[in-house]
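If you want the building blocks of each chain, they are given just below.
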Amino acid sequence: MTTPAPSAPSSSSQPPPEAPTTESIFNQETKKSQLTSVKACKMSQNALETLRGEEGPGNSVYLSERGNSIRLHEGILQEGYIQYGMDRHHDTDNPDGIINMGTSENKLCYDLLHKRLTKPDMLHINPSLLQYSDWRGHAFLREAVAKFLTHYCCSPNPLKADNVVVMNGCGSLFSCIAAVICDPKDAILIPTPFYGVITEDLHLYSDVKLFHVPLDCEADGKDNRPFRLTVGKLEEGLQRAKEEGLTIRGVILMNPHNPLAEIYSLKEMITFLEFAKRNALHAIVDEVYMLTVFDESVTFQSVLSADSLPDPQRTHVMWGMSKDFAMAGIRIGTLYTENRDLVEALAKLGSFHGVPGTTQHQVAQLLQDKEWINEEFLPENRRRLKAACSYMTGELLSMGIPFLDRPATLYVWADLRKYLQESSFEEELSLWKCFLRHKVLLSCGQAFCCSVPGWFRIVFADQQHHLQLGQYQQHSQCLLFPHPCSKECYT
């Protein structure tokens, strides 16, 4: 950090201005990072125009102002996926299509899931599964979730089915929680970078804002951790939000983190929850990757493993099937909270976000099958993820590309700043478009509101020959990772 040069002495009789303190310099730098993070998100949301040109869709006379805002809202993650959807790679049907290394999906375990999901116990149907259920989820599923979380989160006491809410994905849970703990224009703190679609989850329905707490991409020297989250940064972010006149209702914490793949210790998480308690904030804890840790020497600890939580009534833990069970299409998200008022409020919204009864039955069967989970699925899934991660990180090392080396999640957070012609989000977007033009979909940092341009999330949870194609995709045999693309790729 550079300290500004002191002002020249004043020729008037007034005393010279006070030299800036370390604290004031820190606050100025942090505010600058926060503004940069916001700029990155706005660029992400405007990416559609850069891809489709000025002839994109305009406002519709048939929609309200809000309807038009929702219809026209599109960011890099969504637009990249749309482009991929129109030209998906297939080994035989479309070998020249786009390789998707941007969407966090586990494509390594279809054989394991197909074998289990086609067993006779999955085909059970009774009248109750074809009728309306409790909008929190069928009782049998909530009981299965409570027992599953009790075991795999190492809860010291049995978790209660009445404290479980099931919806069609964690995005729905984010949206509904924001609706019931916030009023329109209220805000929730979130460290950046973060999984960018949370912005839409909170804003499109509920008009709730996210207030960014930027993390420094350089190691702070204390434990050599880039993008280090501390209570001090959360406190400073909350203070800035108050100075801007915002009402902050909560804080979102992700562990393991998306996109950093950081695993926070239970001690660290408790300090974050104590910060939330001191400031009467809800803590929404996203643990959707809790079982996607593939190094035996590393242990993930859920906040539900704590003997006691600082503020149980304001601590809400999310988990789902998409990541840990490689079933993004099954659309199951779960919430555990001891706040009965919150559960009742979410139940009122559950009819908009329900899960089919037959799907609930299948998920309950899976979650109760500890033998299959412990003996077949988890060990093999972790083995395959570890191998895929080792391949990807080995390739990055051979190319001299820095990355965060974390044994969790489905992706690597990689530093591609050396491939930018200049340090700007415009240049980062150009590099992202260059990859896409060469039939490789990645996720760039501005889609995660990263305050520093040049970071990319690279998903490795795919077959190795697809990862190899992602490196050496066609178009003049341009080796995208080892060599920067030629100038025409940036236009």
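Preceding block: the structure.
Every value quoted in this text rests on a predicted model; they were computed, and no experiment measured them.

(A) Region of the structure containing the sheet that holds strand 12 (residues 455–459). Pairing in this open sheet of three strands is antiparallel, and the strands run 9-12-11 from one edge to the other. Here the strands that pair on one side only, and so sit at the sheet edges, are strand 9 (411–415) and strand 11 (443–444). Judged from the two bridges that link them, strand 11 and strand 12 form a sheet pairing that is antiparallel. Note on strand 12: the bridge partner recorded for serine 443 is arginine 457. Docked against the sheet, helix 13 (residues 370–398) engages strand 9 and strand 12, running at close to 10° with respect to strand 9.

(B) Layout of the side chain of glutamine 360. Tracing the backbone shows glutamine 360 in helix 12 (residues 357–368). Among the polar contacts listed, one links the side chain of glutamine 360 to the backbone oxygen of valine 355, at a separation of 2.9 Å. Discounting residues that sit within four places of it in the chain, glutamine 360 has contacts with Ser133, Gly137, His138, Phe140, Leu141 and Val355.

(C) Seen up close, helix 11 (residues 340–349). Every buried residue of helix 11 is accounted for by Leu342, Val343 and Leu346. Down the axis, helix 11 shows its buried residues gathered within 100° of arc, on one side only. In helix 11, the exposed positions angled more than 90 degrees off the buried face are occupied by Asp341 and Lys348. Residues of helix 11 that are buried sit in contact with strand 2 (164–167), helix 7 (170–181), strand 7 (315–320) and strand 8 (333–337). Here helix 11 starts with a cap whose side-chain oxygen sits 3.0 Å from the backbone nitrogen of aspartate 341, and that cap is asparagine 339.

(D) Local environment of the state of the cysteines. Summed over the entire model, instances satisfying the criterion amount to zero disulfides. The thiol sulfur of cysteine 154 is not disulfide-bonded, and the nearest other cysteine sulfur, from cysteine 153, lies at 7.6 Å.

(E) A look at the pattern of salt bridges. Here the structure, examined in full by the defined rule, presents 21 salt bridges. The salt bridge partner of arginine 116 is aspartate 121, with a shortest N-O separation of 2.8 Å. For arginine 116, a relative accessible area of 5% gives the class buried. Here the salt bridges share partners, and the residues they tie into one network are Asp111, Glu380, Arg383 and Arg384.

(F) Structural context of the sheet that holds strand 7. In space, the seven strands of this open sheet follow the order 2-8-7-6-5-3-4, with mixed pairing throughout. The two strands at the open ends of the sheet, each matched to only one other strand, are strand 2 and strand 4 (209–214). If you compare each strand with its neighbour and ignore which way they point, the axes differ by 25° on average. Pairing geometry for strand 7 and strand 8, over five bridges, is antiparallel. When the bridges of strand 8 are listed, glycine 320 appears paired with glycine 333.

What counts, and where the lines are drawn
- Residues numbered from 1 in each chain as written.
- Predicted model: local features only at pLDDT ≥ 70, side-chain atom pairs only at ≥ 80, totals over all residues.
- Heavy atoms only, no water.
- Pairing = 2+ DSSP bridges.
- Helix = DSSP H or I, 4+ residues; strand = E, 2+ residues; numbered from the N terminus.
- Contact = heavy atoms within 4.5 Å.
- Axes fitted to C-alpha atoms, helices over the stretch in contact; angles between N-to-C directions.
- Polar contact = N/O pair within 3.5 Å; in protein donor to acceptor, adjacent residues only side chain to side chain.
- Buried < 20%, exposed > 50% of the residue type's maximum accessible area, 1.4 Å probe, protein only.
- Arc of directions from axis to C-beta.
- Disulfide = S-S within 2.5 Å.
- Salt bridge = Lys/Arg side-chain N within 4 Å of Asp/Glu carboxyl O.

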